[in-house]
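Residues per chain are reported as follows:
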Amino acid sequence: MPTPSTALIIGASRGLGLALAAEYLKRGWHVVATVRGNRPTPLHDLAATAGGRLEIARVDIDIAHDVAALRRQLNGRRFDLLFVNAGIALQPELPIGKVGTEDFIRMMVTNALSPMRVIESFESLVPPDGAIAAMSSELGSVGDNVDGGWEAYRASKAALNTLMRSFAARHAGDPRTLLLIAPGWVRTDMGGPDALLSIEESIPRVVDTVSAQAGKAGLRYLDYRGQVVPW
Ligand SMILES: NC(=O)c1ccc[n+]([C@@H]2O[C@H](COP(=O)([O-])OP(=O)(O)OC[C@H]3O[C@@H](n4cnc5c(N)ncnc54)[C@H](OP(=O)(O)O)[C@@H]3O)[C@@H](O)[C@H]2O)c1
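Residues numbered from 1 in each chain as written. Predicted model: local features only at pLDDT ≥ 70, side-chain atom pairs only at ≥ 80, totals over all residues.

A. Representation of the sheet that holds strand E3 (residues 54-58). One open sheet accounts for 7 strands, arranged E3-E2-E1-E4-E5-E6-E7; its pairing is parallel. Of all the strands in the sheet, just E3 and strand E7 (218-223) have a single pairing partner and so form its edges. Averaged over all adjacent pairs, the angle separating strand axes in this sheet is 20 degrees, with direction ignored. One ladder, built from 6 bridges, connects strand E6 (residues 177-182) with E7; its direction is parallel. Bridging across to E7, alanine 182 finds its partner in aspartate 223. Those strands touched by helix H5 (residues 151-170) are strand E5 (131-135), E6 and E7, and its axis lies near 155 degrees from that of E7. Sheet contacts for helix H6 (residues 199-212): strand E4 (81-84), E5, E6 and E7; angle to E6, the most-contacted strand, approximately 155 degrees. (Pairing = 2+ DSSP bridges. Helix = DSSP H or I, 4+ residues; strand = E, 2+ residues; numbered from the N terminus. Axes fitted to C-alpha atoms, helices over the stretch in contact; angles between N-to-C directions. Contact = placed C-beta atoms within 7 Å.)

So this is what it looks like as structure tokens:
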């Protein structure tokens, strides 16, 4: 039997990250997925039914020694997919003039700086035919920003996109697939009850989109239907 592909999913305690872990397990992958803290999460419930194919690890991506400890723990492993999903939205309804400095910094750190630190630190575990993805958002598109709203969050995802472009530029010629994913507006704790899509309408298509990019080098910014999102 061929060795199953392995995914490392960062930020999978609930919401879209949890669903990503579940979807990759359903497709026969081995999954290492992370939570922060020591409390039981829905990911732990998923592990109970995963037949040993789901390993749970711990990392708060904003804490440098956490990231370093996980990197040491996973040294020597190989991941066909690294997917950094973790993200936050703090008082997203506030226009930028009303956003507190601390909240602005928190979103920039958790949504842009920390995912890139994870990618920089773990990319060497992804082989030449592997993929590195970060969960961006439709709201990260500068070109599509005609409605405003979620201003500081938007800026943090636009920053993530720009930093990922810099990473790609620095790795020109790298055969690996690099992806920024816009999952649609989805009913999770972050997306809220009025969001357009259920998790089931988004995440299997996100996984299809990632799969369809296998073997394609370079960076793409794609939505859950596989459509290109304007930068
Ligand atoms: N839902 C949407 O409509 C939507 C649309 C576009 C993009 N996104 C993006 O999709 C991703 C997942 O969103 P979601 O809707 O599933 O949100 P969610 O339900 O609020 O879940 C967020 C996840 O990120 C984790 N996380 C947050 N900060 C972290 C940190 N510092 N270190 C490690 N993990 C951390 C959370 O862990 P804890 O449980 O420990 O808090 C949780 O697992 C985010 O990047 C979000 O920006 C969501």
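B. Up close: the pairing of strand E1 (residues 6-10). The buried fraction of E1 amounts to 4 of the 5 residues, a majority that puts the element mostly inside the structure. Of the pairings in the sheet, the one linking E1 to strand E2 (residues 30-35) comprises 4 bridges and is parallel in character. If you follow isoleucine 9 over to E2, its bridge partner there is alanine 33. By the bridge criterion, 4 bridges tie E1 to E4 in an arrangement that is parallel. Residue pairing across strands places isoleucine 9 opposite phenylalanine 83, the latter belonging to E4. (Buried ≥ 20, exposed ≤ 12 C-beta atoms within 10 Å, placed from the backbone.)

C. Structural context of the nonpolar core. Grouped together as the largest cluster of nonpolar side chains are 56 residues, with contacts concentrated most on Ile9, Ala21 and Leu82. The biggest single contributor to this core is helix H1 (residues 15-26), with 8 residues. Residue contacts for leucine 82: discarding those within four places in its chain leaves Leu8, Ile119, Phe122, Val126 and Ile132. (Core = buried A, V, L, I, M, F, W, Y, C linked by C-beta atoms within 7 Å.)

D. Representation of H5 in the model. Between its first and last C-alpha atoms H5 spans 29 Å; for 20 residues at 1.5 Å apiece the expected length is 28 Å, and the two agree. Within the span of H5, buried status applies to Ala152, Tyr153, Arg154, Ala155, Ser156, Lys157, Ala158, Leu160, Asn161 and Met164. The inward-facing, buried residues of H5 abut helix H4 (101-122), E5, E6 and E7. (Expected span 1.5 Å × (residues − 1).)

E. The environment of aspartate 174, seen in detail. Relative to the assigned elements, aspartate 174 resides in the loop between H5 and E6. Counting along the chain gives 45 residues from aspartate 174 to aspartate 129, while the straight-line C-alpha distance between them is 9.7 Å.

F. Seen up close, unusual backbone geometry. The backbone of glutamine 91 sits at a positive phi, close to 40 degrees, despite the residue not being glycine. Tracing the sequence through the fold places glutamine 91 in the loop between E4 and H4. In this model, tryptophan 150 sits at a positive phi of 45 degrees, which is unusual for a non-glycine residue. Position of tryptophan 150 relative to the elements: it lies in the loop between E5 and H5. You can call tryptophan 150 partly exposed: it has 19 C-beta atoms within 10 Å.

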